[in-house]
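Residue-level structure breakdown
Next come the chains, spelled out residue by residue.
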Amino acid sequence: MQIHDVRQSARAVAAAAIVLLVLGCGGGGGGGTPTAPPTGGGGGNGSSPATDITVQNNSFSPATTTVPVGSTVTWTWNSCTGDGYGGQACTDHSVVFDDGARTGSEVQSSGSFSSQFATAGTYNYHCSIHGTAMHGTVVVQ
Ligand SMILES: [Cu+2]
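Residues numbered from 1 in each chain as written. Predicted model: local features only at pLDDT ≥ 70, side-chain atom pairs only at ≥ 80, totals over all residues. Heavy atoms only, no water.

Re the coordination of the copper ion
Under the convention used in this document: Here a donor is any nitrogen, oxygen or sulfur atom (N, O, S) within 2.8 Å of the metal, with 3.2 Å used for Na, K and Ca; water is not among the atoms considered, so some sites may look incomplete. A four-donor site is classed as tetrahedral when every donor-metal-donor angle falls between 85 and 135 degrees; four donors are called square planar, and six octahedral, when trans pairs exceed 155 degrees and all remaining angles lie between 65 and 115, with any other arrangement labelled irregular. Relative accessible area decides the class of each residue, using a 1.4 Å probe on protein chains only: under 20% of the type maximum gives buried, over 50% gives exposed, and in between gives partly exposed.
Coordination of the copper ion by the protein comes from His93 (ND1), Cys127 (SG), His130 (ND1) and Met134 (SD), over a distance range of 2.0 to 2.4 Å. Classification of the site at the copper ion as tetrahedral follows from its four donor atoms and the range of 92 to 129° in their angles at the metal. A relative accessible area of 0% means that cysteine 127 is categorised as buried.

Here it is, written out as structure tokens:
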């Protein structure tokens, strides 16, 4: 009796294992690849123009920035470099508009300056310290 019972149990286990294998196989194969639906309609953020300009030593980056009418452009100073003694040396720069009509920034070596552009046009500017060698353009359209 005992031996018989063991054999029956073994068969049952084997049968169960086969069932599990078949189920496992079907489950794995039939899953398919989940496809993530594209989110949203416009993807608007990707097309937003850069309105941040870095004031670095002897250049504005990017040199030309194109923005929609009404945009506020922010210049952020990044003009500090190592002084060779473990400290930092920060160089003065400014944002001065060539036409003189718009208010520019102070001469400063850190911080930022923002200006809003309500009218379409091309606004050339330069640094009062380094002259036209350090210049940039904001195109408002
Ligand atoms: Cu400068």
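Concerning the packing of aromatic side chains
For clarity, the cut-off: Geometry of aromatic contacts follows a simple scheme: Phe, Tyr and Trp rings, the Trp one being its six-membered ring, pair when their centres are within 6.5 Å, and the pair is stacked under 30 degrees between planes, edge-to-face over 60, tilted otherwise. The criterion for a charge sitting over a ring is simple: Lys NZ or Arg CZ within 6 Å of the ring centre, and within 35 degrees of the ring normal.
Under the defined criterion, the tally for this structure stands at seven aromatic pairs. Their ring planes at 65° and their centres at 4.9 Å tell us that phenylalanine 117 and tyrosine 123 sit as a pair that is edge-to-face. Here the two residues phenylalanine 117 and tyrosine 123 agree in accessibility, since each one is buried. Ring pairs connect the aromatic residues Phe60, Trp75, Phe97, Phe113, Phe117, Tyr123 and Tyr125, which therefore count as one cluster. The ring of phenylalanine 97 carries the charged tip of arginine 102 above its face, separated from the ring centre by 5.3 Å. The side chain of arginine 102 reaches across the aromatic face of tyrosine 123, ending 5.2 Å from its centre.

Notes on the pairing of strand β1 (residues 52–56)
Under the convention used in this document: Each helix is a run of DSSP H or I of at least 4 residues and each strand a run of E of at least 2, with the numbering of both proceeding from the N terminus. Should DSSP find at least two bridges between two strands, the strands are taken to pair.
Judged by which residues are buried, β1 turns out to be one-sided: Ile53 and Val55 face inward and are buried, whereas Asp52, Thr54 and Gln56, on the alternate face, are not. Two strands pair when backbone bridges link them, and β1 and strand β4 (residues 72–77) are joined in this way by four bridges, in the parallel orientation. If you follow threonine 54 over to β4, its bridge partner there is threonine 76. In this structure, β1 lies alongside strand β2 (residues 59–61), joined through three bridges in antiparallel fashion. Across the sheet, glutamine 56 pairs through a bridge with serine 59, a residue of β2.

What to know about the pairing of strand β9 (residues 121–127)
On a regular strand, one side chain projects to one face of the sheet and the next to the other, so that they alternate. Summarising the sheet, strand β7 (residues 96–97) and β9 pair through two bridges and their orientation is antiparallel. Its bridge partner lying in β9, valine 96 is registered against histidine 126. Here β9 pairs with strand β10 (residues 131–140) via seven bridges, running antiparallel. Paired with glycine 121 across the bridge in β10 is valine 140. Hairpin connection, β9 to β10: the antiparallel pair is bridged by three residues.

Focus on the confidence of the model for the chain
Put simply, the rule reads: pLDDT: the predictor's confidence for each residue, scored from 0 to 100. The contact criterion used is simple: two residues touch if any of their non-hydrogen atoms lie within 4.5 Å.
Mean pLDDT over the chain: 79, with 65% of residues reaching 70 or higher. With pLDDT under 50 throughout, residues 37–44 is counted as low confidence; its partners more than four residues away or in other chains account for zero contacts.

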